[in-house]
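Residues per chain are reported as follows:
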Amino acid sequence: MKKTLLAAALLAGSLACSTNKTIEMTEAPITYSFLVGTYTEEASQGINQLDFTPSEGKLEIRTVFPGIQNPSFVLASSSGELVYSLEEINDVPGGNVISFSRSSDQAELTKISETPSFGDHPCYLALSPDEKSLTVANYSGGNLSAYKIAPNGELALLQTVQHEGSSTNKDRQNSPHVHSTVFSPDGKYLLAADLGTDQIYVYDFDRNASEPLVLNNTSKTQPGDGPRHLVFSSDGNEVFVLQELTAVLEVFGFAEGKLTPKQRISLISDGFTGAVGAAEVRISPDGKHIYASNRGDANTLSVFTKKDDGNYWLIQQIDSGGKMPRNFNLTTDGKYLLSANQASNDIVVFERDEESGKLTKTPMKAEVHKPVYLFRLGD
């Protein structure tokens, strides 16, 4: 976009130059960047970076750390200088958690440290609000681990907490399966969604303690729900939980470490028959709309908004543009949503109406092997 500017300046009430001049200036196009977690099958695959420049119709993707096994979850510090990933594998003593340094003038990440997750198939990482602690959810291990982060990004294990129990779905819930760990905005609590036990565990978190996690209470979901991912409202007063096995978005109130059930909304459209698998839930940057993905035979993105009475309602369901929308994220300004479709090996771009929150699929998409997580850089 070009702008014509009048090159005139007032100095002490008079013109500093005797003639008006026009100069052409080019406004730099906006580029949104995301780290992309994937499942890998070859040594050349690994953690990717996606750069999206909508004004030029560009979606550029490159591998920034190859040779890592199943980095299915990746996140960065607020400065973007430190990156954390995992290897979703089962081994003794579990998978791995890895830290990296990142610089805008380097083509790849640089590995800092690697430590076991102390549970099979780690699947989720959370960075504390002060960015001095990291937690990992171990799905098959049925536990979670907490780490101290040194100033240089090195990780040191502080504690591993094991869950016990099962629930009604014998195919998926015969043992604990911790699927996510999420800090409250004030950093006082850590919530762990356990798909295997149909419970959300609320831990007090004290980063100065040698073992920072102390169980405060647990909140039971409906039998067979399978709580997967959750997200806090910006004020910390509500928690949105995605129930994977029943494809339900559940809204909870949150105060003083306690969850209070408020509302359940189905992601399944009327007349739908087939398999479901709710995957991700996110809030728009302006806080006005909730988004959720559903896999299985549905392959949809659902959009919710808040009524005047405080309840939420579904305003749109739209095809994800591919198969198995494992993850998605929005750009920092909320103008676009990108859907990572694991089974169709692509990332599809949607435009977002900032007023209504509704999505419109664009022709833009990037091809990448089994994308399963998108982390927004630049926040």
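Residues numbered from 1 in each chain as written. Predicted model: local features only at pLDDT ≥ 70, side-chain atom pairs only at ≥ 80, totals over all residues. Heavy atoms only, no water.

Below, the discussion takes up the overall build of the protein. Looking only at helices and strands, the protein has zero helices and 32 strands in total. Here the protein holds 379 residues, and 54% of them are scored as buried. Put simply, of all contacts in the protein between residues at least 6 apart along the chain, 46% involve residues at least 24 apart. Both charge centroids of the protein, one from 32 positive and one from 47 negative side chains, sit 3 Å from each other. (Helix = DSSP H or I, 4+ residues; strand = E, 2+ residues; numbered from the N terminus. Buried < 20%, exposed > 50% of the residue type's maximum accessible area, 1.4 Å probe, protein only. Contact = heavy atoms within 4.5 Å. Lys, Arg positive; Asp, Glu negative; His and termini not counted. Charge placed at Lys NZ, Arg CZ, Asp CG, Glu CD.)

All right, on to the sheet that holds strand β25 (residues 289–294) then. In any sheet, the strands associate via hydrogen bonds between backbone groups, in a parallel or an antiparallel arrangement. If you trace the four strands from one edge of the open sheet to the other, you get β24-β25-β26-β27, paired in antiparallel fashion. In the strand order of this sheet, the two ends are held by β24 (278–283) and β27 (312–319), each with one partner. Each strand of the sheet is rotated relative to its neighbour by a mean of 20°, with strand direction disregarded. Note that strand β26 (residues 300–306) and β27 share seven bridges and pair antiparallel. Paired with Phe304 across the two strands is Leu314, which belongs to β27. (Pairing = 2+ DSSP bridges. Axes fitted to C-alpha atoms, helices over the stretch in contact; angles between N-to-C directions.)

Right, let's talk about the confidence of the model for the protein for a bit. Mean pLDDT over the protein works out to 93, with 93% of the residues at or above the 70 mark. Taken element by element, the protein is modelled with least confidence in strand β2 (residues 10–11), mean pLDDT 28, and with most confidence in strand β17 (residues 189–194), mean pLDDT 99. Every residue in residues 1–24 is under pLDDT 50, and counting partners more than four places away or in other chains gives 29 contacts. (pLDDT = per-residue confidence, 0-100.)

Burial of strand β20 (residues 227–232) is extensive: six of the six residues sit out of reach of the surface. Two strands pair when backbone bridges link them, and β20 and strand β21 (residues 238–243) are joined in this way by five bridges, in the antiparallel orientation. Counted as the bridge partner of Phe232 is Val239 from β21.

Take the nonpolar core next. One finds Tyr84, Leu125, Leu134, Leu191 and Val239 to be the most contacted residues of the largest nonpolar core, which totals 58 residues. With residues up to four places along the chain from it excluded, the contact list for Leu134 reads Leu75, Tyr84, Val97, Leu125, Ala126, Leu127, Ser145, Ala146, Tyr147, Ile149 and Leu155. Core analysis: the second largest hydrophobic core is formed by 15 residues, Tyr32, Phe52, Met364 and Ala366 among them. (Core = buried A, V, L, I, M, F, W, Y, C linked by side-chain atoms within 4.5 Å.)

Right, let's talk about the sheet that holds strand β31 (residues 359–367) for a bit. One open sheet accounts for four strands, arranged β28-β29-β30-β31; its pairing is antiparallel. On the outer flanks of this sheet lie β28 (325–330) and β31, each paired with one strand and no other. Along the sheet, successive strands turn relative to each other by an average axial angle of 25°, direction set aside. Where strand β30 (residues 346–352) lies against β31, six bridges are found, and the strand directions are antiparallel. Across the sheet, Arg352 pairs through a bridge with Leu359, a residue of β31.

Moving on, we come to the pattern of salt bridges. Summed over all chains, the structure comprises 15 salt bridges. For Glu41, the salt bridge is made with Lys370, and the minimal N-O distance between the two is 2.8 Å. Of this pair, Glu41 sits in the loop between β5 (32–38) and β6 (46–53) while Lys370 sits in the loop between β31 and β32 (371–376), placing them 329 residues apart in sequence. Take Glu41: its relative accessible area is 55%, and that puts it in the exposed class. Glu244 serves as the salt-bridge partner of Arg172, at 3.1 Å between the closest nitrogen and oxygen. On the criterion of sequence distance, the pair formed by Arg172 in the loop between β15 (155–162) and β16 (178–183) and Glu244 in the loop between β21 and β22 (248–255) is long-range, its members being 72 residues apart. (Salt bridge = Lys/Arg side-chain N within 4 Å of Asp/Glu carboxyl O.)

We now examine the packing of aromatic side chains. One pass over the structure, following the stated rule, counts eleven aromatic pairs. Residues Tyr32 and Phe52 carry aromatic rings whose centres are separated by 5.8 Å and whose planes lie at 35° to one another, so their mutual orientation is tilted. Residue Tyr32 is located in strand β5, and its partner Phe52 is located in strand β6; the two are separated by 20 residues in the primary sequence. One exposure class covers both Tyr32 and Phe52, and it is buried. For the ring pair Phe73 and Tyr124, a centre distance of 4.5 Å and an interplane angle of 45° mean the geometry is tilted. Here the residue Phe73 occupies a position in the loop between β7 (58–66) and β8 (74–76), and Tyr124 occupies one in strand β12 (residues 122–127), the gap between them amounting to 51 residues. Counting every residue linked through ring pairs, the aromatic cluster contains Tyr32, Phe52 and Tyr336. (Phe/Tyr/Trp six-rings, centres within 6.5 Å; stacked < 30°, edge-to-face > 60°.)

Turning to the side chain of Arg282, a few remarks are in order. By the element assignment, Arg282 lies in strand β24. Reaching out from Arg282, the side chain makes a polar contact with the side chain of Tyr373 at a distance of 3.5 Å. Leaving out residues up to four positions away in the same chain, Arg282 has contacts with His289, Ile290, Tyr291, Asn327, Phe328, Asn329, Leu330, Tyr373 and Leu374. (Polar contact = N/O pair within 3.5 Å; in protein donor to acceptor, adjacent residues only side chain to side chain.)

A few words now on unusual backbone geometry. Cis peptide bonds are those with omega within 30 degrees of zero, and the linkage from Val92 to Pro93 qualifies with 0°. For Phe118, which is not glycine, the phi torsion reads 60° and is therefore positive. Take Phe118: it is sitting in the loop between β11 (110–116) and β12. On the basis of relative accessible area, Phe118 is assigned to the partly exposed category, the value being 30%. Phi is positive for Met324, close to 65°, though the residue is something other than glycine. You can see Met324 is positioned in the loop between β27 and β28.

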